[in-house]
Amino acid sequence: MSNNPVSIFNMALSLSQEPASVVLATENTRSANLCRVWYDNARRRVLKAGRWPCATAYQRLAVSETRGTEELWAAGNSAPGALFAYSEPALLLAPQYLHSFAPFDRMMLGTKRVITTDDDQAILRYTFDQEDVTLWDEALVTSVATYLASLICRNINGKLGLSDRLSRDAANLAVEAGTEQANEQDMQYAALPEALIARGYTGPLHTFRYFHPLTDLNGTPS
């Protein structure tokens, strides 16, 4: 059976101990309606909490602002200490890391969402909101259905203990999916070209990789 919203709705209803089932995702029934209320929230939260291949992309970022090293920060500028502000990709749901593994931050610059960093050639690996369920792997389907069930329990039928357990289960599935890109890895990589090292450079040769923090699924969204 191919992945589809109806199967996710019915998995969530079963996990949340709701008796009714859904035939069409768009039907006007209590079961379908309460699933639709929380489905988009559950999908986005789970996608942000893992490293899912079907929702991962790279993009070279477009510069929105630059500031020279001698220029003082002023109101309206991007983050102090950052030389570049890049426009976020249109479909960005959550950043993962820059191709150079340089540190970065997210902020608003006027009315634009930007990524600030010292990387002068920023290529971002990021998670986007993959709405095409047919492209999801089984772990993502199960995780979204489980987290959707936890939201239904907490907000609809009042089964708080079951909601907490389902939320933990969904979080564990997301963590497993992101193991290879885990934030806590303090892996190192060569920070300088070999030619500079050969000329006698004596500074630090390695630096830590930076990964953007993952969203925690333990608990309900505010």
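Since this is a predicted model, take the numbers as computed values, not measurements. (Residues numbered from 1 in each chain as written. Predicted model: local features only at pLDDT ≥ 70, side-chain atom pairs only at ≥ 80, totals over all residues. Heavy atoms only, no water.)

Asker: For this particular structure, what's the right way to read the pattern of salt bridges?
Answerer: Pairing between side chains becomes possible if they bear opposite charge and their charged atoms approach one another. Within this structure, the stated rule accounts for six salt bridges. With a shortest N-O distance of 3.0 Å, Arg-30 and Glu-18 are connected by a salt bridge. Of this pair, Arg-30 sits in helix 2 (residues 30–49) while Glu-18 sits in the loop between helix 1 (5–15) and helix 2, placing them twelve residues apart in sequence. A salt bridge links Asp-169 to Arg-165, with the shortest nitrogen-to-oxygen separation between them at 3.3 Å. With Asp-169 and Arg-165 both in helix 4 (residues 160–177) and four residues apart, this pair spans about one turn of that helix. According to the relative accessible area criterion, Arg-165 is partly exposed, its value standing at 40%. (Salt bridge = Lys/Arg side-chain N within 4 Å of Asp/Glu carboxyl O. Helix = DSSP H or I, 4+ residues; strand = E, 2+ residues; numbered from the N terminus. Buried < 20%, exposed > 50% of the residue type's maximum accessible area, 1.4 Å probe, protein only.)

Asker: What's the story with unusual backbone geometry in this structure? I'm lost.
Answerer: Backbone geometry at Gln-17 places phi at a positive 65 degrees, although glycine is not the residue there. Within the secondary structure, Gln-17 sits in the loop between helix 1 and helix 2. The phi torsion at Phe-101 lies on the positive side, around 65 degrees, for a residue other than glycine. In this fold, Phe-101 is placed in the loop between strand 4 (92–98) and strand 5 (104–109). The class for Phe-101 is buried, based on a relative accessible area of 12%.

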